[in-house]
Amino acid sequence: MAGKTNIRSIRLSDELMEVIEAQVGETFTEKYERLISRCVFEMPAKEKELEELNRRIREAEKTLEERRRQAAELQRAIQILTNTKWQLDRV
């Protein structure tokens, strides 16, 4: 890798330091660069994946709602048939 010519001094919260320190790497700079790289290069793909998963969840929820509606309709039909059978048995 080419020499690093950008030198900056920043102040970070303890919480953000913990996030950086949790990254893979030997030095603070490696860990910081890895975190930034992940955010820049991996996050867009993960966001697209999340959108697709959310779309599939919405689709599954619609299917589930339709199945629930059908189950309720079948339950009503069963109740009607049960009542009719009970009435016919009484005759």
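Cut-off values and rules
Residues numbered from 1 in each chain as written. Predicted model: local features only at pLDDT ≥ 70, side-chain atom pairs only at ≥ 80, totals over all residues. Heavy atoms only, no water. Axes fitted to C-alpha atoms, helices over the stretch in contact; angles between N-to-C directions. Helix = DSSP H or I, 4+ residues; strand = E, 2+ residues; numbered from the N terminus. Parallel < 35°, antiparallel > 145°, perpendicular 65-115°, else oblique. Contact = heavy atoms within 4.5 Å. Nonpolar A, V, L, I, M, F, W, Y, C, P; charged D, E, K, R; others polar. Salt bridge = Lys/Arg side-chain N within 4 Å of Asp/Glu carboxyl O. Buried < 20%, exposed > 50% of the residue type's maximum accessible area, 1.4 Å probe, protein only. 1 Å grid on protein atoms, 1.4 Å probe; cavity = no way out; pocket = protein on both sides within 12 Å on 5 of 7 lines; lining within 4 Å. Points joined across faces, edges and corners; volume = space filled by probe spheres on them.

Participant: What is the right way to read the packing of helix 1 (residues 14-21) against helix 2 (residues 28-90) from this model?
Facilitator: In the contact formed by helix 1 and helix 2, the axes pass within 8 Å of each other and the chain directions differ by 90°. Between helix 1 and helix 2, the crossing angle belongs to the class labelled roughly perpendicular. In this structure, helix 1 contributes M17, V19, I20 and E21 to the contact, and helix 2 contributes F28, K31, Y32 and L35. Residues belonging to the contact of helix 1 with helix 2 are distributed by class as follows: six nonpolar, no polar and two charged.

Participant: Help me understand the pattern of salt bridges, please; the structure alone is not making it clear to me.
Facilitator: Two side chains carrying opposite charge are able to pair once their charged atoms lie near each other. One pass over the full model with this rule turns up eight salt bridges. With its nearest N and O atoms 3.4 Å apart, the salt bridge here joins R38 to E42. Residue R38 and its partner E42 are both found in helix 2; the two are separated by four residues, about one turn of the helix. In this structure E42 comes out as partly exposed when scored by relative accessible area, which is 38%.

Participant: Explain the layout of surface pockets here, please?
Facilitator: Left-over empty space is what a probe sized like a water molecule reveals as it rolls over the atoms. Estimates place the volume of the largest pocket at around 400 Å³. In terms of lining residues, the largest pocket is bounded by K4, N6, I7, R8, S9, I10, F28, T29, Y32, E33 and I36. Looking at the lining of the largest pocket, its residues break down into five nonpolar, three polar and three charged.

Spatial relationships are all this shows, so hold off on functional conclusions.
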